[in-house]
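The primary structure of each chain is shown beneath.
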Amino acid sequence: MKILGAPLSPFVRKVVVYCAEREIAFELEPVTPFGPDGEREDFVAASPMRRIPAIDDDGYLLADSSAIIHYLEAKHGAALLPEEPKARGQAVFFDEIADTLIVGAFGAMFFNRVVAPKFLGQPGDLAAADLAERETAPLLMERLESIMPDGDYLVGDSLTVADIALASPFVNGKYAGYEVDPATHPKIAKWLAGIWARPSFAAQIALGENAIAAAG
Ligand SMILES: N[C@@H](CCC(=O)N[C@@H](CS)C(=O)NCC(=O)O)C(=O)O
């Protein structure tokens, strides 16, 4: 299976980590949605909305990280999306807030402090990044901390899509200089450290750090 995308994207990372955890073989086909790559014929066919990630699984083309994971769960057997109704609901809830609210907050920091200056050669909107760090993120963290379970996983007692989806955008926050304060958000900090320590995440975090360092 080909995954079309760039490893710094939180949505691409979500699918890559999912595949690593499930030992689903894939190769990453580098596509940056901004610039000329965004109109590449193979990319547009797989991702009509020009967003990464998309997959080409033996000719089956599909875009959107959640759609891809649902497809892979159906194809390879449900493993990381809980079957039990309430757990399923919780997992989809965390996936959804990760892809919207959390990506939004860390995306503002990451795009303006890292992507724009280092990869696009243009100044980022640093005021927008600072505002996200000062106002958006603290409110989200406060609300997230209030619903975080005490254990190592968000749903039940093993890894689910919820953990992968939510831990992924935090990596972009980390690249942009954001750190979860264990004094104020002990449950988030502990959970995140555990998920990031998994080989699947550790490899992707290091890959991104190297790519950012190489960009100068
Ligand atoms: N809901 C989509 C979102 C994908 C998405 O927005 N990806 C970003 C990169 S992080 C993108 O392709 N942006 C291109 C653009 O905004 O033109 C998913 O889960 O895959």
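Residues numbered from 1 in each chain as written. Predicted model: local features only at pLDDT ≥ 70, side-chain atom pairs only at ≥ 80, totals over all residues. Heavy atoms only, no water.

Caption draft 1: How the structure looks around the site of the ligand. Around the ligand sit Ser9, Pro10, Phe11, Pro33, Phe34, Arg50, Arg51, Ile52, Pro53, Asp64, Ser65 and Asp99, and that is every residue in its neighbourhood. Within the side chain of Asp64, one N or O atom sits 2.9 Å away from a nitrogen atom of the ligand. Note that an oxygen atom of the ligand is positioned 2.6 Å from one of the side-chain N or O atoms of Ser65. When the ligand sits alone it has 510 Å² of accessible area, and the protein chains cover 73% of it. Class assignment of the residues belonging to the shell around the ligand gives a composition of six nonpolar, two polar and four charged. (Near = heavy atom within 4 Å. Polar contact = N/O pair within 3.5 Å; in protein donor to acceptor, adjacent residues only side chain to side chain. Areas by Shrake-Rupley, 256 points an atom, 1.4 Å probe, with all protein chains shown as cover. Nonpolar A, V, L, I, M, F, W, Y, C, P; charged D, E, K, R; others polar.)

Caption draft 2: Focus on the sheet that holds strand E3 (residues 54-57). Taken together, the four strands give an open sheet; going across it, the order is E2-E1-E3-E4, and neighbouring strands pair in mixed fashion. Of all strands in the sheet, those with a lone pairing partner are strand E2 (27-30) and strand E4 (60-63), marking the two edges. Direction aside, the axes of adjacent strands within the sheet are offset by 25° on average. Relative to E3, strand E1 (residues 2-5) is paired through three bridges, and the arrangement is antiparallel. (Pairing = 2+ DSSP bridges. Helix = DSSP H or I, 4+ residues; strand = E, 2+ residues; numbered from the N terminus. Axes fitted to C-alpha atoms, helices over the stretch in contact; angles between N-to-C directions.)

Caption draft 3: How the structure looks around the packing of aromatic side chains. Overall, the coordinates contain seven aromatic pairs when judged by the stated rule. For the ring pair Phe106 and Phe170, a centre distance of 4.9 Å and an interplane angle of 55° mean the geometry is tilted. Residue Phe106 is found in helix H4 (residues 85-119), and its partner Phe170 is found in helix H6 (residues 161-175); the two are separated by 64 residues along the sequence. (Phe/Tyr/Trp six-rings, centres within 6.5 Å; stacked < 30°, edge-to-face > 60°.)

Caption draft 4: Representation of the packing of H4 against H6. Interhelical geometry of H4 versus H6 gives an angle of 10° and a closest axis separation of 8 Å. Regarding the angle of H4 to H6, the classification is roughly parallel. Here Ala91, Phe94, Asp95, Ala98, Ile102, Val103, Phe106, Phe110 and Val114 of H4 come into contact with H6, specifically with Val161, Ala162, Ala165, Leu166, Pro169, Phe170, Asn172, Gly173 and Tyr175. In terms of residue class, the contact of H4 with H6 is built from 15 nonpolar, two polar and one charged. (Parallel < 35°, antiparallel > 145°, perpendicular 65-115°, else oblique. Contact = heavy atoms within 4.5 Å.)

Caption draft 5: Inspection of the domain arrangement of the chain at higher detail. The assigned domain composition of the chain is domain 1 (2-76) and domain 2 (85-215). Placing a centre on the C-alpha atoms of domain 1 and another on those of domain 2 gives a separation of 20 Å. Of the residues lining the interface, 14 residues belong to domain 1; the matching set on domain 2 comes to 21 residues. The junction of domain 1 with domain 2 conceals about 1600 Å² of combined surface from both sides, 71% of it contributed by carbon and sulfur atoms. Among the residues of domain 1 in contact with domain 2, Leu8, Arg13 and Glu21 are the three that bury the most area, contributing 38% of the side total. Our count for the contact surface shared by domain 1 and domain 2 stands at three salt bridges. Of the charged contacts in the structure, one is a salt bridge between Lys14 and Asp99, with a shortest N-O distance of 2.8 Å. Run the count over domain 1 and domain 2 and you get 10 residue pairs in polar contact (both at pLDDT 80 or more). (Domains from an automatic or database assignment. Buried area = accessible area lost by both parts, 1.4 Å probe. Salt bridge = Lys/Arg side-chain N within 4 Å of Asp/Glu carboxyl O.)

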